[in-house]
Amino acid sequence: MSSPHTITTDSLTKRYGERLAVDSLSLSVGRGEVFGFLGPNGAGKTTTIAMLLGLVRPTAGRATVLGHDVLSAPAAALARVGAMIEAPAFYPYLSGYDNLRVLCRAGGLDEGRIAGALAAVELGERARDRVRAYSQGMKQRLGIAATLLPDPELIILDEPTNGLDPAGTAEIRALIRALAAGGRTIFLCSHMLHEVEQLCERVAILKAGRLIAQGQVADLLRRGQGLRVRVESDPTQAAALAATLSWVAGVRRDGDVLLVDAPAARAAELNAHLAGNGVLVAEIGARGSSLEEFFLEVTGEVS
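Keep in mind the model is a prediction, meaning the values are calculated, not measured.

What counts, and at which threshold
Residues numbered from 1 in each chain as written. Predicted model: local features only at pLDDT ≥ 70, side-chain atom pairs only at ≥ 80, totals over all residues. Heavy atoms only, no water. Helix = DSSP H or I, 4+ residues; strand = E, 2+ residues; numbered from the N terminus. Axes fitted to C-alpha atoms, helices over the stretch in contact; angles between N-to-C directions. Parallel < 35°, antiparallel > 145°, perpendicular 65-115°, else oblique. Left-handed = near helix turned anticlockwise from the far one by under 90°. Contact = heavy atoms within 4.5 Å. Nonpolar A, V, L, I, M, F, W, Y, C, P; charged D, E, K, R; others polar. Pairing = 2+ DSSP bridges. Buried < 20%, exposed > 50% of the residue type's maximum accessible area, 1.4 Å probe, protein only. Arc of directions from axis to C-beta. Polar contact = N/O pair within 3.5 Å; in protein donor to acceptor, adjacent residues only side chain to side chain.

(A) Representation of the environment of F90. With respect to the helices, strands and loops of the structure, F90 is situated in the loop between β6 (81–84) and α3 (96–107). A C-alpha to C-alpha distance of 9.0 Å links F90 and L142, two positions 52 residues apart in sequence.

Okay, here's the thing in structure tokens:
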């Protein structure tokens, strides 16, 4: 029976001397989903991907890909995995087609897949042009075409829209949707959080090598909802008063604004509680949350 997951990690850890790059990471990626892998620079994302691809040996823990242990059965684990890590590198003096032919020969892959891969990324008409004539967006699409050569069940994309203009970004976003619609699993590492929010069903967020949030995007955004309160008196006192209410799950300060984890329907009660204790409220209302706002909140990267 095949595994319901394309990727699982169990306490996956990587240490470089005194530096803990990945710290006991446990996550799972279901088959056929678009999964976002997020974190600030230096969070451990690239190291994790390198361990999933067998390029870096973990210090501890275990990773399985397509039901196979990456360390003990790397050929089976990675046989139907395509990956584009950072900016793809190609021979500029060769055509797009010939670059893919080089990759097929190096990897023992069927050259008969090249035409289909190029068609899938809408480069069929430019297949015989030299790569030096390609735009940055075309080079990114050629990189994704390269991931299709092993007829992958799982595609790992690391910053696929990096350096692209809005039109190129939209092209890659549409291409990722098309690949996912074909039943492939997409593991998407990106700092373009609005893109991730549009594309991914679930995400995992790393900070300093540790998993700090994982789940459905919609569920994580609900966690970021609540009340936004701007006060004209002491915000420290206001935060302490708000936190005393039993239905307030948490309070965070951002200057003179309080971000209160509480039902929006209780705004009037919170206002009355603060006013009754001498805190002047200038503004109060419901706040929504984007994935970017949630990311900044949980990673602590808020000014």
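(B) Quick look at the packing of helix α5 (residues 136–147) against helix α6 (residues 166–181). Interaxial distance between α5 and α6 falls to 10 Å at its minimum, and their mutual angle equals 15°. The orientation of α5 relative to α6 falls into the category roughly parallel. Judged by the twist between their axes, the crossing of α5 over α6 is right-handed. Residue-level inspection shows Q140, R141 and I144 of α5 in contact with α6, the latter providing E171, I172, L175 and L179. Across the contact of α5 with α6, the residue classes tally to four nonpolar, one polar and two charged.

(C) Inspection of the sheet that holds strand β13 (residues 257–261) at higher detail. Strand order in the open sheet made by the four strands is β12-β13-β11-β14, with antiparallel pairing throughout. Each of the sheet's edge strands pairs with one partner strand only, and the pair in question is β12 (250–254) and β14 (281–287). Pairs of neighbouring strands in the sheet enclose a mean axial angle of 20°, with direction left out of account. Packed on one face of the sheet, helix α9 (residues 235–243) meets β11 (226–231), β12 and β13 and runs near 165° to β12. Along the sheet face, helix α10 (residues 267–276) touches β11, β13 and β14 and points at about 155° away from the line of β14.

(D) Just α9, in detail. Buried within α9 we find P235, A238, A239, L241 and A242. Within α9, the buried residues cover an arc of 165° as seen down the axis, which keeps them to one side. On its buried side, α9 packs onto β11, β12, β13 and α10. At the N-terminal boundary of α9, the capping side chain belongs to D234, with an oxygen 3.0 Å from the backbone nitrogen of T236.

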